[in-house]
Amino acid sequence: MPIREIPTRPYQDQKSGTAGLRKKVAVFQQPHYLENFLQSIFDVETSLRGATLIIGGDGRYHNREAIQTAIAMAAANGVRKIIVGQGGILSTPAASHLIRLHHAAGGLLFTASHNPAGPDGDFGIKFNIAGGGQASETLTGKIYEQSTQLTRYRIVEGTSLDLDRRGAQKIADTDVDVVDSVEDYARLQQSLFDFDRIREWFKKGGRLRFDAMHAVTGPYAKRIFIEQLGAPETSVMNGCPLEDFGDGHPDPNLIYAKHLYDLAMSADGPDLIAASDGDGDRNMILGRGLFISPGDSLAMLAAHLDKLPGYKGRLKGLARSMPTCRAVDQVARALGVECHETPTGWKFFCNLLDAGRLTLCGEESFGTSSSHTREKDGLWAVLAWLNILAVTGMSVQQIAQAHWQRFGRHYYARHDYDDLPVATANAVMAQLKTASPNLIGQHHGAWTISQADEFSYTDPIDGSVATAQGLRIVFGEAARIILRLSGTGTQGATLRLYLERYETGVDALAWQNNEALAPLAIIADKLIRIAEQTGRKTPSVIT
Ligand code: G1P
Ligand code: ZN
């Protein structure tokens, strides 16, 4: 098997966003496109030489081809050992766990998360570093730099690995181990949760409906919920991963998983309804009669964390991304633990997790996880809820009501304006940024603006500074309006507007979410004038 140096010309568009490099499949299929990006990683991340590399993906179209290329290039670039999920399958949290478990120097995750898949859909690569977390902006910057000036890449020619056969194989001097995609991940979950109590809960008639949305979590959910926890087969729907995700959009939220909302609202629905996304890092939680917003889910998990075996007496700190509602702050205050506010993107939690400052963290975008891995973890959140239901004997509804009574409630919504012309979206941001200093002190109904600024973050561990992380208009504890530009879109620009309103006492239980937020939406319209500036009367998506 000869190692070849293939001459290549650089592409100029290989800049990773907050979630890796994401492009249309057709872009990745251009000659040497994938190879160039991979070579840039191998050139920059020299620690991979002589070390272990984890490889896997969410199973979408082009996954297998990309993985074959990655293995042949890793071998040519001196990686000593490659561990790859069987069939090329690894969920994002499972890959992160394998990096940690095997002290690997990194991992290549082939995923475009919840973005639609198939020949006309999206493809993506994420490089995760030793320790399991996502590459820093400095590192992705260096990889990008390298990709703009690359002249050759290295590959072992004529290889074809049997991705379906578990066990050891060899490519040139590199050992390749094809491993069960689920086993180690399932073992990790067993170490955190009380599987006996959950099994009992199922035995007593507790009912779960988990939608794997034809994406990566199918095999994980079947093994853990059905085989290990004894849930009936019907508990997992769409459990077979498909290359085009069944033509669906595996983004579990109130739009793309509306059928789950309807199921939750139906008479005699299951006790817990949940879903995960394309690569298994997101989660959506519903109970009979209600949807639990991700910010609420984070706060409720925090309040009950001590009941879970892996976390008893171990709660160090809590964290949320800036646009995520401040429900978890209330719990942190009550428990007397530190609470961090980080920019959007999971990587900002990782330094805190590594430093032992953080146990549980989450984002409004349906991401929750803990110190057990360095990615958000969809099935982890479902298991945490199952464990809490099993231990408390309460329903999701009862847990939520009790929580809101004790801590107050944050009504919350995110409005997305997708596929805007970049200049238009930038102009909306610029307009609000300029206006911000003059907004402080303004009264709007019963609320007064106490703060209006652009969020920037100094990492408490390494002192690095992230600027321009979103504009916020804060009305004390009572409400917030936040505006930021998405960093993950693949087409045009996406503006995200976040609305949050806090109420205690009877008002915490009195309203429907959209009723409570209506006055805030009017204020946002007055202050930001998105409709006027973009010509969009309504958001593309409300979640
Ligand atoms: C979105 C979410 C963010 C998440 C990221 C990757 O990023 O808002 O919370 O970390 O996807 O899954 P955005 O498009 O808003 O930059
Ligand atoms: Zn994802």
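Preceding this section is the structure that the text describes.
Scope of this entry: the structure provided in the associated data block. Quantities reported herein were computed from a predicted structural model and do not represent experimental measurements.

Considering the sheet that holds strand S13 (residues 283-287)
Point 1. If you trace the five strands from one edge of the open sheet to the other, you get S11-S10-S12-S13-S14, paired in mixed fashion. The open sheet is flanked by strand S11 (236-237) and strand S14 (290-292), the only strands paired with a single partner.
Point 2. Along the sheet, helix H13 (residues 378-392) contacts strand S10 (208-211), strand S12 (272-276), S13 and S14; its crossing angle with S12, the most-contacted strand, is approximately 165°.

Considerations on the sheet that holds strand S27 (residues 493-503)
Point 1. On the basis of which strands lie adjacent, the open sheet formed by six strands has the order S22-S25-S26-S27-S19-S28 and antiparallel pairing. Both outer strands of the open sheet, strand S22 (451-454) and strand S28 (541-542), are each paired with one neighbouring strand and no more.
Point 2. In terms of strand pairing, strand S25 (residues 471-475) meets strand S26 (residues 479-485) through five bridges, oriented antiparallel. Across the sheet, Leu471 pairs through a bridge with Leu483, a residue of S26.

A word on the packing of aromatic side chains
Point 1. Tallied over the full model, the rule gives 14 aromatic pairs.
Point 2. Ring centres of Phe348 and Tyr457 lie 6.0 Å apart, and the angle between their planes is 85°; this geometry places the pair in the edge-to-face category. In this pair, Phe348 is assigned in helix H12 (residues 347-354) and Tyr457 in strand S23 (residues 457-458), connecting sequence segments 109 residues apart. Across the pair, Tyr457 and Phe348 agree in class, each one buried.
Point 3. One aromatic cluster is present, formed by Tyr11, Phe28, Tyr33, Phe110 and Phe123 through successive ring pairs.
Point 4. One Lys or Arg, Arg409, reaches over the ring of Trp404 and ends 3.9 Å from the middle of that ring.

Thoughts on the site of ligand 1
Point 1. As a matter of local geometry, ligand 1 sits amid 13 residues, with Ser365, Ser486, Gly487, Thr488 and Arg496 nearest to it.
Point 2. Interatomic distance of 3.0 Å between a side-chain N/O atom of Arg282 and an oxygen atom of ligand 1.
Point 3. Taking 380 Å² as the accessible area of ligand 1 by itself, protein coverage stands at 96%.
Point 4. Residues belonging to the shell around ligand 1 are distributed by class as follows: no nonpolar, six polar and seven charged.

Conventions adopted
- Residues numbered from 1 in each chain as written.
- Chains lettered and ligands numbered in written order.
- Predicted model: local features only at pLDDT ≥ 70, side-chain atom pairs only at ≥ 80, totals over all residues.
- Heavy atoms only, no water.
- Pairing = 2+ DSSP bridges.
- Helix = DSSP H or I, 4+ residues; strand = E, 2+ residues; numbered from the N terminus.
- Contact = heavy atoms within 4.5 Å.
- Axes fitted to C-alpha atoms, helices over the stretch in contact; angles between N-to-C directions.
- Phe/Tyr/Trp six-rings, centres within 6.5 Å; stacked < 30°, edge-to-face > 60°.
- Buried < 20%, exposed > 50% of the residue type's maximum accessible area, 1.4 Å probe, protein only.
- Lys NZ or Arg CZ within 6 Å of the ring centre and 35° of its normal.
- Near = heavy atom within 4 Å.
- Polar contact = N/O pair within 3.5 Å; in protein donor to acceptor, adjacent residues only side chain to side chain.
- Areas by Shrake-Rupley, 256 points an atom, 1.4 Å probe, with all protein chains shown as cover.
- Nonpolar A, V, L, I, M, F, W, Y, C, P; charged D, E, K, R; others polar.

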